[in-house]
Amino acid sequence: MIRRHWLRAAIAAICGLFAARLPGAGLAADPPGNRVRPGEPGWPDAAAWERLNRAAGGRLLAVRSPLEACREAPAGCVRLFESLRNPYYLGDEPGLTQTLGWVDAWTLRPSAYAVAAQTAGDVAAAVDFAHEHRLRLVVKGGGHSYKGASNAADSLLVWTRAMNAIEVHDDFVPAGCAEAPVPAVSVGAGAIWGQVYDAVTTRVGRYVQGGGCLTVGVAGLVQAGGFGSFSKAYGLAAASLLEAEVVTADGAAGSPMPAPIRTCSGR
Ligand SMILES: Cc1cc2nc3c(=O)[nH]c(=O)nc-3n(C[C@H](O)[C@H](O)[C@H](O)COP(=O)(O)OP(=O)(O)OC[C@H]3O[C@@H](n4cnc5c(N)ncnc54)[C@H](O)[C@@H]3O)c2cc1C
């Protein structure tokens, strides 16, 4: 059920994006899929952004690409270009992504603002604000999308990197289920696999199905399926998902729900 909501929201967002690009889409006076860009009528004023800042616990940031500094003073860029080779730096910087384009397929253009979310309530505040003001909304976890899917120019970014709490459980039962407890790990939306392997394997001596690269985000990889070296034995990362806390497209921050692919009664 949650997956249906999620897909519906995702499909609506994608259709909206294409509507603005199709020939003739500009003929309509105000196509419903259009998103407001900076400088256009309807772009939130300073007071509105301050309201979002308060709703998100003071965690609203104006995003500036570090690359802009290079345009202004090219000589000072040597250190920046050294840093760009560091995937941790790229993941930890809201104006960058780990893959800065794939054979010129796309060009990095950062968001206008980011909510450096720490709670599901911060995410919900950002989703509500984007909905109310008809802004482009994008989510960045580990920033490893080769397709640039966590990068959208002039958008509001939900930046989850600080939501990286990890808790290993000996006996876990997904919400609403009455099954026998299993060992599990709860992972925040912004955690990267290196942090999870450290918590689960190095510290507790257990296995968790992820991918091969330590700097890839957990949420992005799981939603993409997630294939790793031991997937022949243990399957995709997504197939191990027991429960997820989801903020829906209407800005409602939900309680943990069992994952639809492994419902309590479906086993
Ligand atoms: C160097 C490298 C190595 C890789 N190795 C593997 C591998 O071994 N196995 C494998 O299966 N894949 C691998 N991938 C692919 C990777 O799993 C996907 O690109 C994945 O989507 C990256 O997730 P992310 O969070 O790092 O990226 P992001 O770019 O932050 O996010 C990817 C997508 O997920 C969305 N997203 C992220 N977090 C959330 C969230 N909390 N809620 C909703 N949407 C969210 C973003 O909006 C975006 O659309 C690799 C990619 C790279 C660049």
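Note that the coordinates shown come from a computational prediction; the quantities given were computed from them, not determined experimentally. (Residues numbered from 1 in each chain as written. Predicted model: local features only at pLDDT ≥ 70, side-chain atom pairs only at ≥ 80, totals over all residues.)

1. Comments concerning the sheet that holds strand β4 (residues 156-159)
The 4 strands are arranged β1-β2-β4-β3 in an open sheet whose pairing can be described as mixed. In the strand order of this sheet, the two ends are held by β1 (60-62) and β3 (137-140), each with one partner. The mean inter-strand angle of the sheet, taken between neighbouring strand axes irrespective of direction, is 25°. Bridge count between strand β2 (residues 113-116) and β4: 4 bridges; the pairing is parallel. Its bridge partner lying in β4, Val-115 is registered against Val-158. (Pairing = 2+ DSSP bridges. Helix = DSSP H or I, 4+ residues; strand = E, 2+ residues; numbered from the N terminus. Axes fitted to C-alpha atoms, helices over the stretch in contact; angles between N-to-C directions.)

2. Section: unusual backbone geometry
Despite not being glycine, Arg-134 has its phi angle at roughly 55°, a positive value. By the secondary structure assignment, Arg-134 is in the loop between α6 (120-133) and β3.

3. Quick notes on the site of the ligand
The environment of the ligand is formed by 29 residues, the closest being Gly-141, Gly-142, Gly-211, Gly-217 and Gly-220. Top element by residues in the shell around the ligand is helix α8 (residues 218-223). It accounts for 4 residues. Among the residues forming the shell around the ligand, the class breakdown is 11 nonpolar, 17 polar and 1 charged. Among the domains, domain 1 (35-159) and domain 2 (166-262) are the pair contributing at least three residues each to the shell around the ligand. (Near = placed C-beta within 6 Å. Nonpolar A, V, L, I, M, F, W, Y, C, P; charged D, E, K, R; others polar. Domains from an automatic or database assignment.)

4. Thoughts on the environment of Gly-235
Here Gly-235 lies in the loop between α9 (231-234) and β7 (243-244). Between the alpha carbons of Gly-235 and Gly-225 there is a distance of 9.5 Å; along the sequence they are 10 residues apart. Residues contacting Gly-235, with those up to four places away along its chain left out, are Gln-209 and Ser-240. (Contact = placed C-beta atoms within 7 Å.)

5. Topic: the confidence of the model for the protein
Per-chain confidence: the protein averages 85 in pLDDT, with 85% of residues scoring 70 or above. Segment residues 1-29: pLDDT under 50, and 20 contacts once partners within four positions in sequence are set aside and those in other chains are kept. (pLDDT = per-residue confidence, 0-100.)

6. Re helix α7 (residues 193-202)
Inspection of α7 places Trp-193, Val-196 and Val-200 among the buried residues, and these make up the whole buried set. Considered in projection along α7, the buried side chains sweep an arc of 60° and stay on one side of the axis. Summarising the contacts, the buried residues of α7 are in contact with β5 (166-172), β6 (182-187) and α8. (Buried ≥ 20, exposed ≤ 12 C-beta atoms within 10 Å, placed from the backbone. Arc of directions from axis to C-beta.)

7. A short note on the nonpolar core
By size, the foremost hydrophobic cluster in this structure holds 40 residues, and its most contacted members are Val-115, Ala-117, Ala-126, Leu-156, Val-158 and Val-218. At the level of secondary structure, the elements contributing two or more residues to this core comprise β2, α6, β3, β4, α7 and α8. The dominant element in this core, judged by the number of residues it contributes, is α6, at 7 residues. When we break this core down by domain, the ones giving at least three residues each are domain 1 (35-159) and domain 2 (166-262). (Core = buried A, V, L, I, M, F, W, Y, C linked by C-beta atoms within 7 Å.)

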